[in-house]
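# Structural overview
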Amino acid sequence: MDYHSPASFAEASALAANATGITRFLAGGTDVLVQLRSELVTPDTLIDLKKIDGVSDINSNADGSWTLGVAATGAEMSEHAELGRDWPGVVEAMDLIGSTQVQGRATLTGNLCNGSPAADSVPAMVAAGVSVTVTGPEGDREVAVEDIPTGPGKTSLAKGELISAVHIPARGENGGDAYLRFIPRTEMDIAVVGVGVNLRLDGDTVTEARVSLGAVAPTVLLVEDCAKAIIGSTLDDAALDALAAAASAACNPIDDKRGTIAFRTEVAGVLAKRAAKIAYARAKGEQA
Amino acid sequence: MALDDRKSEFTFVGTRPNRPDGLDKVTGRAKFGADMSAPGMLHGAILRSPHAHARIVKIDTSKAEAHKEVKAVVTRADFADVPFKPGLEGEFWNVLENVMAGEKALYDGHAVAAVAATSALAARDALKLIEVEYEVLPHVTDVDKAMAPDAPVIREGAADYSVPEGMHPNVVRYHESGHGDVEAGFAEADLVIEDSFVTEATHQGYIEPHACLGMLGNDGKGELWCTTQGHWIAQKTCAALLGIETSQLRVTASEIGGGFGGKTTVFIEPVALALSRKANRPVKLVMTRSEVFRATGPTSSASMDIKIGMKKDGTISAAQGVFRLQGGAFPGAPGDMTAMCAFAPYNLTNVKQVGYDVMANRPKQAAYRAPGAPMGAFAVESVIDELCKKLGLDPVDVRLKNAAHEGTKASYGPRYERIGLVETLEAAKAHPHYSAPLKPGQGRGISCGFWFNHGGETSVSLALSEDGSAQLMVGTPDIGGSRASMALMAAEVLGIPYENIRVTIADTATLGYNDVSHGSRVTYASGLATIKAAKHAVEKLCERAAASWGIPTDAVKWENGCAVPSGPNAGDFDPRPLADITAHMGSTGGPISGHFEATPEGAGVSFGTHIVDAEVDPETGKTSITRYTVIQDAGKAIHPTYVEGQYQGGAAQGIGWALNEEYIYGEDGRLQNSIFLDYRIPVASDLPMIDTVIVEVPNPGHPFGVRGVGETGIVPPLAAIANAVSHAAGVRMRQLPMSPPRILAALKENG
Ligand SMILES: Cc1cc2nc3c(=O)[nH]c(=O)nc-3n(C[C@H](O)[C@H](O)[C@H](O)COP(=O)(O)OP(=O)(O)OC[C@H]3O[C@@H](n4cnc5c(N)ncnc54)[C@H](O)[C@@H]3O)c2cc1C
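How each quantity is defined
- Residues numbered from 1 in each chain as written.
- Chains lettered and ligands numbered in written order.
- Predicted model: local features only at pLDDT ≥ 70, side-chain atom pairs only at ≥ 80, totals over all residues.
- Heavy atoms only, no water.
- Helix = DSSP H or I, 4+ residues; strand = E, 2+ residues; numbered from the N terminus.
- Buried < 20%, exposed > 50% of the residue type's maximum accessible area, 1.4 Å probe, protein only.
- Areas by Shrake-Rupley, 256 points an atom, 1.4 Å probe, with all protein chains shown as cover.
- Lys, Arg positive; Asp, Glu negative; His and termini not counted.
- Charge placed at Lys NZ, Arg CZ, Asp CG, Glu CD.
- Expected span 1.5 Å × (residues − 1).
- Contact = heavy atoms within 4.5 Å.
- Buried area = accessible area lost by both parts, 1.4 Å probe.
- Salt bridge = Lys/Arg side-chain N within 4 Å of Asp/Glu carboxyl O.
- Polar contact = N/O pair within 3.5 Å; in protein donor to acceptor, adjacent residues only side chain to side chain.
- Nonpolar A, V, L, I, M, F, W, Y, C, P; charged D, E, K, R; others polar.
- Domains from an automatic or database assignment.
- Near = heavy atom within 4 Å.
- Phe/Tyr/Trp six-rings, centres within 6.5 Å; stacked < 30°, edge-to-face > 60°.
- Core = buried A, V, L, I, M, F, W, Y, C linked by side-chain atoms within 4.5 Å.
- Pairing = 2+ DSSP bridges.
- Axes fitted to C-alpha atoms, helices over the stretch in contact; angles between N-to-C directions.
- Patch = residues over 30% accessible without salt bridge, like charges linked within 9 Å, V, L, I, M, F, W, Y side chains within 5 Å.

### Quick word on the overall build of chain B
- On a plain count of helices and strands, chain B comes out with 20 helices and 26 strands.
- Along the first, second and third principal axes, the C-alpha atoms of chain B reach 85 × 75 × 50 Å.
- Each of the 751 residues in chain B was classed as buried or not, and the buried ones make up 62%.
- In the form shown here, chain B has an accessible surface area of approximately 26900 Å², with 51% of it arising from carbon and sulfur atoms.
- One way to put it: in chain B the 68 positive side-chain charges average out to a point 3 Å from where the 87 negative ones average out.

### With respect to helix 7 (residues 231-242) of chain B
Residue and element names in this part refer to chain B.
- Here helix 7 contains twelve residues, and its C-alpha end-to-end distance of 16 Å stays within 8% of the 16 Å for a straight helix at 1.5 Å per residue.
- The buried fraction of helix 7 amounts to ten of the twelve residues, a majority that puts the element mostly inside the structure.
- Burial in helix 7 covers these residues: His231, Trp232, Ala234, Gln235, Thr237, Cys238, Ala239, Ala240, Leu241 and Leu242.
- Where helix 7 is buried, its residues touch helix 3 (90-99), strand 9 (211-216), strand 10 (222-226), strand 11 (249-253), helix 8 (269-279) and strand 19 (501-505).
- After helix 7 finishes, the residue glycine 243 shows a positive phi value of roughly 70°.

### Overview of the interface of chain A and chain B
- At the interface, 22 residues of chain A touch 23 residues of chain B.
- Here chain A and chain B share an interface that buries about 2100 Å² over both sides, 49% of which is from carbon and sulfur atoms.
- Here chain A and chain B share eight salt bridges between them.
- Our count for the contact surface shared by chain A and chain B stands at 17 residue pairs in polar contact (both at pLDDT 80 or more).
- Per-element tally for the side of chain A that touches chain B: the top contributor is helix 11 (residues 261-283) of chain A, with five residues.
- Counted by class, the side of chain A that touches chain B contains ten nonpolar, three polar and nine charged residues.

### Some thoughts on the domain arrangement of chain B
Residues and elements named next belong to chain B.
- Entries for chain B in the domain assignment read domain 1 (22-30 + 455-598) and domain 2 (372-453 + 604-749).
- Put simply, the middle of domain 1 and the middle of domain 2, counted by C-alpha atoms, are 38 Å apart.
- Taken together, the contact pairs 16 residues of domain 1 with 16 residues of domain 2.
- Both faces considered, domain 1 and domain 2 share a buried interface measuring about 1200 Å² in area, 68% of it formed by carbon and sulfur atoms.
- Area buried by domain 1 at its contact with domain 2 is led by Ser520, Tyr524 and Ile531, which between them contribute 38% of it.
- For the interface between domain 1 and domain 2, the tally reads zero salt bridges.

### Brief notes about the site of the ligand
Residue and element names in this part refer to chain A.
- Around the ligand, 31 residues are found, and the nearest of them are Gly29, Thr30, Asp31, Thr107 and Asp120.
- Within the backbone of phenylalanine 25, an N or O atom sits 2.9 Å from an oxygen atom of the ligand.
- At a separation of 2.9 Å, an oxygen atom of the ligand approaches a polar side-chain atom of arginine 181.
- Protein chains bury 89% of the 980 Å² of accessible surface belonging to the ligand in isolation.
- For the shell around the ligand, the secondary structure elements donating two or more residues are strand 2 (23-26), helix 2 (32-37), helix 7 (108-113) and strand 10 (162-168).
- A per-element tally of the shell around the ligand places helix 7 first, with four residues.
- For the shell around the ligand, the per-class residue count stands at 16 nonpolar, nine polar and six charged.

### Overview of the packing of aromatic side chains
Residue and element names in this part refer to chain B.
- Inspection of the entire model under this criterion finds 19 aromatic pairs over all chains.
- Judged by centre distance (5.3 Å) and plane angle (65°), the ring pair of tyrosine 174 and tyrosine 356 falls under edge-to-face. With a gap of 182 residues between them, tyrosine 174 in strand 7 (residues 171-179) and tyrosine 356 in strand 15 (residues 351-358) connect regions that are remote in the sequence.
- Ring geometry for tyrosine 412 versus phenylalanine 452: centroids 5.1 Å apart, planes at 80°, classification edge-to-face. Of the two residues, tyrosine 412 sits in the loop between helix 12 (395-402) and helix 13 (421-430) while phenylalanine 452 sits in the loop between strand 16 (442-451) and strand 17 (458-464), which places them 40 residues apart along the sequence.
- The exposure class assigned to phenylalanine 452 is buried, which follows from its relative accessible area of 16%.

### Description of the nonpolar core
- Counting 129 residues, the largest nonpolar core has Ile308(B), Tyr416(B), Ile721(B) and Met738(B) as the members making the most contacts within it.
- Residues Leu472(B), Ala484(B), Met489(B) and Ala533(B) belong to the second largest nonpolar core, which totals 53 residues.

### Structural notes on the pairing of strand 13 (residues 205-214) of chain A
Residues and elements named next belong to chain A.
- One ladder, built from nine bridges, connects strand 12 (residues 193-202) with strand 13; its direction is antiparallel. Directly across from aspartate 202, in strand 13, lies its bridge partner threonine 205.
- From the end of strand 13 to the start of strand 14 (residues 221-222), which pair antiparallel, there are six residues, and alanine 215 there has a positive phi angle of about 70°.

### Topic: the sheet that holds strand 20 (residues 556-559) of chain B
Residue and element names in this part refer to chain B.
- One open sheet holds the three strands; their spatial order is 20-21-22, and the pairing between them is antiparallel. Two strands close off the open sheet at either side, each with one partner strand: strand 20 and strand 22 (576-577).
- Pairing analysis gives four bridges linking strand 20 to strand 21 (residues 562-565), with the strands arranged antiparallel. Bridging from a neighbouring strand, glutamate 559 pairs with cysteine 562 of strand 21.
- Those strands touched by helix 16 (residues 522-549) are strand 20, strand 21 and strand 22, and its axis lies near 125° from that of strand 20.

### Brief notes about the sheet that holds strand 2 of chain A
Residue and element names in this part refer to chain A.
- Judged by pairing direction, the sheet is parallel, and its three strands sit side by side in the order 1-3-2 without closing on themselves. Looking along the sheet, the strands with just one partner apiece sit at the ends: strand 1 (2-4) and strand 2. Within the sheet, the average angular offset between the axes of one strand and its neighbour, ignoring direction, is 20°.
- Where strand 1 meets strand 3 (residues 45-48), three bridges bridge the pair, whose relative direction is parallel. Bridge pairing in strand 3 links tyrosine 3 to leucine 46.

### Section: the environment of Val267(A)
- You can see Val267(A) is positioned in helix 11.
- Relative accessible area serves as the criterion here: at 0%, Val267(A) is assigned to the buried category.
- In sequence terms Val267(A) and Ala227(A) are 40 residues apart; their C-alpha atoms lie 18 Å from each other.
- If near-sequence neighbours (up to four positions away) are discounted, Val267(A) is found in contact with Phe182(A), Val193(A), Glu619(B), Thr620(B) and Leu744(B).

### As for unusual backbone geometry
- Between Leu736(B) and the following residue, Pro737(B), the backbone shows a cis peptide bond with an omega angle of -5°.
- Mapped onto the elements, Pro737(B) comes out in the loop between helix 19 (717-729) and helix 20 (740-749).
- Despite not being glycine, Glu39(A) has its phi angle at roughly 60°, a positive value.
- Mapped onto the elements of the fold, Glu39(A) is located in the loop between helix 2 and strand 3.

### Quick look at a negative patch on the surface
- Taken together, Asp53(A), Asp57(A), Glu76(A) and Glu79(A) make up a surface patch of like negative charges.
- Within the secondary structure layout, Asp53(A) lies in the loop between strand 3 and strand 4 (58-60).

### Section: the pairing of strand 10 of chain A
All names here are of chain A.
- The element strand 10 is largely enclosed, with a buried count of seven among its seven residues.
- Of the strand pairs in this sheet, strand 5 (residues 66-68) and strand 10 are connected by three bridges, and their pairing is antiparallel. Within strand 10, the position partnered with tryptophan 66 by the bridge is isoleucine 168.
- Bridging between strand 6 (residues 131-136) and strand 10 involves five bridges; their strand directions are antiparallel. Pairing of valine 134 across the sheet is with isoleucine 163, part of strand 10.

Below, the structure is given as structure tokens:
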């Protein structure tokens, strides 16, 4: 196994482009190292990104948007009060991952690129409209988070491509987001269903919404019918029921050791309602 | 055993000092199974079957043997019993067959070969070089399917005499017991409920994986360090499996990171020794978590039919149960225990119980706290709860009305001596928990539970030091704070402080045979032997004092740690403290020790009653346990904190078993959830504070009144939680675990 710790993303990209066999980037390593030790994936090339300048930074931009380095950890995000005020849903989704120890290493980028359909931060990022910069042999391009995963364990990144930054849009006025997952326990478990909701209000009326589902299909889903169900409403019971129905209808889950098709489909609707209520309250400036 | 010296006033017993192993454990100094190393040590790894059932056509180890870091490879041919040299039979043969597959791999994870190499990584890599040719056979993992006529046969001829004619060869033992006439009893009932229940296999979930370090020379002399609940059984079994003399193998028990019954047999120990014998170097073997789940001994899964008749006043007029337990690809599922325990809390005129031991393509089951009893209690206590509900009766009152007491003919045969079931029920009724209001969406459940408890072979020695301190050697690994309890009991007899007694778990070369730390027997049996060994030493102390005073020994008695004249007629001498006598023991007759060994028979059965509140989210089927109270008879709590710990542990494991823990097998017969991420044991935040009430109805079979407490605590939870959840959800849950998908499906079905 070859281990590299490049000083730039261009260098990392070149190393990956020229590598043979299995290549893995090392952000927090909470997926890579676990898979290595349990002999699920034994990489031939390991490219550690943590030596690249600025990879742990969390920066707020002049337009109110945010740029996060690819090695910024869940713990650092949770400690960042302003980020948490703007995007509590994204931060709480990341914060659900693992234990205190895991939080000290795990990253949004790793969670996204590991390609698990159950990844917790991904539906929250999709709902929030997060995008990433992809650096490759051809240079940089910007890609929406929902366009990165293509199936369990698979991404749209080509050989030699990697993510070099994460962009969270400006929060703007009267907006709120939330993420909820279902697990049978209270922590240290994997999402059976995950729902991210992000919305904006004009008075009491929802004017913009993005609803995203995790763990109910081979990839994260951005469900337009869910958004339609609540846009123009005051999140009354009828709108919530329509939201739940749309969420359940969008599900394309599997039966497995973690949950049944019927269960995931039903609970996706339940969580969509609950997350929407939290996002709505946050948009109104209420504590939730 | 007759005991005429019962004690009821105590100085040390009943206090709560810190455990002597506490500091080592919190500072990381304690040595567990994987913490031992030896010069020249090799690392072992085991190749396991990926098939649930397959004939092993050929194993080619040549490539692994050629690996430059590999020092030994073993297969079944390296053990005592090979097809050409049969010798082992009965349980030894079963254990050997489990430790290393013979002609067939019998379950996913069954060991087929092992290597020892100079590094753990090399050993793991070398496994990939072993080529095994399998002929995959049809498999069965479900207990009911394993009994069906078309089920694949796991092993012909495994059934014993007890199995009625015409049963499938996978049914290997049959039990039937009871008394009275159940049909007549059902005819007398105002309401009869008949229902069926299913539980899945669960794992004890001890945090420490199996680990050992073995050394065995070609001279047949060996040393073994391992994490175990019983090093003498490990010694005996390993010796048999390797064809060496028992006494030539010295086994030392490490500190143990949990066992709960799962470490009462051997898995990797004989393999490490076989590798060591071949490589002529020490070999360390440490299981991964996945190996622990796939290839050690989970509990049995069960399928049960219950029929109970009740009169309007709550009297149970008849009770009947059929209990089918699947215990893996070997005989041993405790269907008989399930049957015998199921109705044991009740004073019944008409009762009948039947138990089946059924083989399936799963790992060989091992004990798990009160093996077999929790599932039976789940089924029986659910039906009693349903009867109470339908007849509008209070569940505690109904249990009190039918409760067994001293003199009751137990459902499994004998008459009870003094028992404490009624006292636990009365304490439940009086407990504030039982009358606390419930919030909407919450339900309350009650259950009783019974376990036999066990005595077992026991040998204990105590040696006094010149400075008046004492060292106590017991042979039962400390799985629950027993060193503290032993020291308290010895302190009580000797009259010296707790801190002055050092308790050691002696190795197999130091004491006679000691049965395993199981059957809730340690505080009872090793405790009884400790008391007797200390009394033995006290007799000698009195002899020395008598000699120094020139009076007969029977004119001296032991009081508050001193020899004193037994009365005014014995003479007027100053008391001689223990340390004063030991200071001169070298010149007054030599070292002073005490010893006791026996197989005590008076373990004293134990009962408990649990009260549980559960809240069910009707939209997701998720359950949270909001309040939990354990009430159990301890006879006499030697160290109350560790008694409470046992109660809380039983409840915690019961919550896991009831709500989320289960072995999940795929269509291919492979275990799907062999990691803690997917085998959902409760995490700390899943549990409420578990309240405890220690009831003390002294056991007439122990000098201080002790009853074992380790196992009874896991008997009521499954039922108590199922009753609470069924009330909260408004629908009867008949299958464990009551995972959210199952509860939500039941809610939907119920409309
Ligand atoms: C105990 C435990 C609990 C966990 N609990 C959860 C949970 O509750 N929810 C959940 O969603 N996950 C959970 N995880 C999984 C894991 O922690 C998360 O997926 C985490 O976010 C991964 O981040 P990382 O930085 O550690 O990724 P790494 O392990 O470093 O990398 C993961 C993947 O991303 C790729 N990658 C990393 N950086 C880049 C990059 N810049 N460009 C392209 N590819 C890249 C790597 O090649 C690798 O394939 C848990 C893991 C553990 C060990």
